[in-house]
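These are the residues of each chain, in order.
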Amino acid sequence: MSSQFILVNLKAYKEGMGPRAHMIARAAEEVSEESGIQIGVAPSFFDLHPLSKHFEIPVFAQHLDGVVPGAFTGHVTAAAVRQTGAVGTLINHSERRLTLAEIEASVRAATEAGLVTVICSNNDMTSAAAAALSPTYVAIEPPELIGSGVSVAKADPGIIQRSVAAVHAVNPKVKVLTGAGIQSGECVKIARDLGTDGVLLASSVVKVEDPAIVLRDLVSLL
Ligand SMILES: O=C(CO)COP(=O)(O)O
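Keep in mind that what you see is a predicted model, and the values were worked out from it rather than measured. (Residues numbered from 1 in each chain as written. Predicted model: local features only at pLDDT ≥ 70, side-chain atom pairs only at ≥ 80, totals over all residues. Heavy atoms only, no water.)

1. A short note on the pairing of strand β7 (residues 175-179)
For a regular strand, side chains alternate in direction, first toward one face of the sheet and then toward the other. Put simply, the rule is: A 1.4 Å probe rolled over the protein chains alone gives each residue an accessible area, and that area as a share of the maximum for its type sets the label: buried under 20%, exposed over 50%, partly exposed in between. The helix and strand labels rest on DSSP assignments: H or I over at least four residues marks a helix, E over at least two residues marks a strand, and numbering proceeds from the N terminus. Strands are treated as partners if at least two bridges between them are detected by DSSP. Handedness of a crossover: with both strands directed away from the viewer, a clockwise path from the first strand across the helix to the second marks it as right-handed.
In terms of burial, β7 is largely enclosed, as four of its five residues are buried. Examined bridge by bridge, strand β6 (residues 137-140) and β7 share four bridges and lie parallel to one another. Directly across from Ala139, in β7, lies its bridge partner Leu177. Both β7 and strand β8 (residues 198-201) contribute to a ladder of two bridges, which runs parallel. Its bridge partner being in β8, Gly179 is matched across the sheet by Leu200. Viewed along the sheet, the connection from β7 through helix α8 (residues 185-193) into β8 turns out right-handed.

2. As for the side chain of Ser163
Here is the rule: Polar contacts here mean pairs of N or O atoms no more than 3.5 Å apart (in protein, one a potential hydrogen donor and the other a potential acceptor; neighbouring residues in sequence count only if both atoms are side-chain atoms). Residues are treated as being in contact if the distance between any of their heavy atoms lies within 4.5 Å.
Examined against the element boundaries, Ser163 turns out to sit in helix α7 (residues 157-170). Looking at Ser163, its side chain comes within polar contact range of the side chain of Ser127, at 3.3 Å. Non-local contacts of Ser163, meaning those with residues more than four positions away in its chain, are made with Asn123, Asp124, Ser127 and Ile140.

3. Regarding helix α5 (residues 124-131)
What counts here: Of all possible arcs, the one meant is that of the directions from the helix axis to the C-beta atoms.
Residues of α5 that are buried: Asp124, Ser127, Ala128, Ala130 and Ala131. Buried residues of α5, seen end-on, are gathered within an arc of 160° and therefore sit on one face of the element. Elements that come into contact with the buried residues of α5 comprise β5 (116-121), β6 and α7.

4. Quick word on the UniProt feature "active site" (unreviewed entry) in the protein chain
Worth spelling out the cut-off: UniProt positions are given in the numbering used here, feature names are shortened, and annotations may be inferred rather than shown by experiment.
When the UniProt feature table is mapped onto this chain numbering, "active site" (unreviewed entry) sits at His93 and Glu141. Separation in sequence by 49 residues is not matched in space for these annotated residues, since their most distant C-alpha atoms are only 8.7 Å apart. Locating His93 in the fold gives a position in the loop between β4 (88-91) and α4 (100-112). Excluding anything up to four places from it in sequence, His93 contacts Asn9, Lys11, Cys120, Glu141 and Ile146. Take Glu141: it is sitting in the loop between β6 and α6 (152-155). Sequence-distant contacts of Glu141, that is, excluding residues within four places in its chain, are made with His93, Cys120, Ser121, Asn122, Ile146, Gly179, Ala180 and Leu200. A distance of 3.1 Å separates the side chain of Glu141 from the side chain of His93, its partner in a polar contact.

5. Overview of the site of the ligand
For the record, the criterion: Whether a residue is near a molecule or strand depends on its heavy atoms: it is near if one of them lies within 4 Å of it. Polarity classes work like this: nonpolar for Ala, Val, Leu, Ile, Met, Phe, Trp, Tyr, Cys and Pro, charged for Asp, Glu, Lys and Arg, and polar for all others, with Gly in that last group.
The ligand sits among Asn9, Lys11, His93, Glu141, Ile146, Gly147, Ala180, Gly181, Leu200, Leu201, Ala202 and Ser203. One nitrogen or oxygen atom from the side chain of Lys11 is found 2.9 Å from an oxygen atom belonging to the ligand. Here an oxygen atom of the ligand and a backbone polar atom of Ala202 are 2.8 Å apart. Classifying every residue of the shell around the ligand gives five nonpolar, five polar and two charged.

6. Quick look at unusual backbone geometry
Although it is not a glycine, Lys11 sits at a positive phi angle of roughly 50°. When its relative accessible area of 11% is taken as the criterion, Lys11 is described as buried. Of note, the phi angle at Ser134 is positive, near 55°, even though the residue is not glycine. One can find Ser134 in the loop between α5 and β6.

If you want it as structure tokens, here you go:
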């Protein structure tokens, strides 16, 4: 069985909220069962518990704050995310950037709460910096390709290769995901062949009528 991980970020897309989040999670669970490939979803905070309750697939938060429970307003603690039944979290997504100190605090809080951590990075240098914080995964996503429909695997395979090398030079235990424009089994295979442990993607699954068709294609060459 392949150990590749496919993580679908539902972002704040209206096509990824409420009933649609359930539909996407159901498709992810079906395709995961059929293929044996691990597929997770990262919905809005409000859909974390509904999805973790109904589905077996890994459910991730899109962000968390590295603060301990206490007098903070409008913050999302690692303990609160854990309580929803989520098993992991994105940190420092390109659409939710943090300072270096905040990233470190978020990774520490999430790790202490037993959550899988995915630090997102924008290039190979920040991938190396992210690896120094010992997350479970670093996810390299060139911002200019996010949501563009142009796949990082085809447009910029060099950044994937350099990020895998940079991450492993700092900490060989840290796994690498890549994302931005990922849309087909061919993209996932190219990324895997360049040394990644999976992909992080959004629009090609979330914004289509039938996510299961795209998900089946994504796992088809693994
Ligand atoms: O930001 C992303 C996943 O976190 C990538 O988004 P797209 O798959 O829409 O390019």
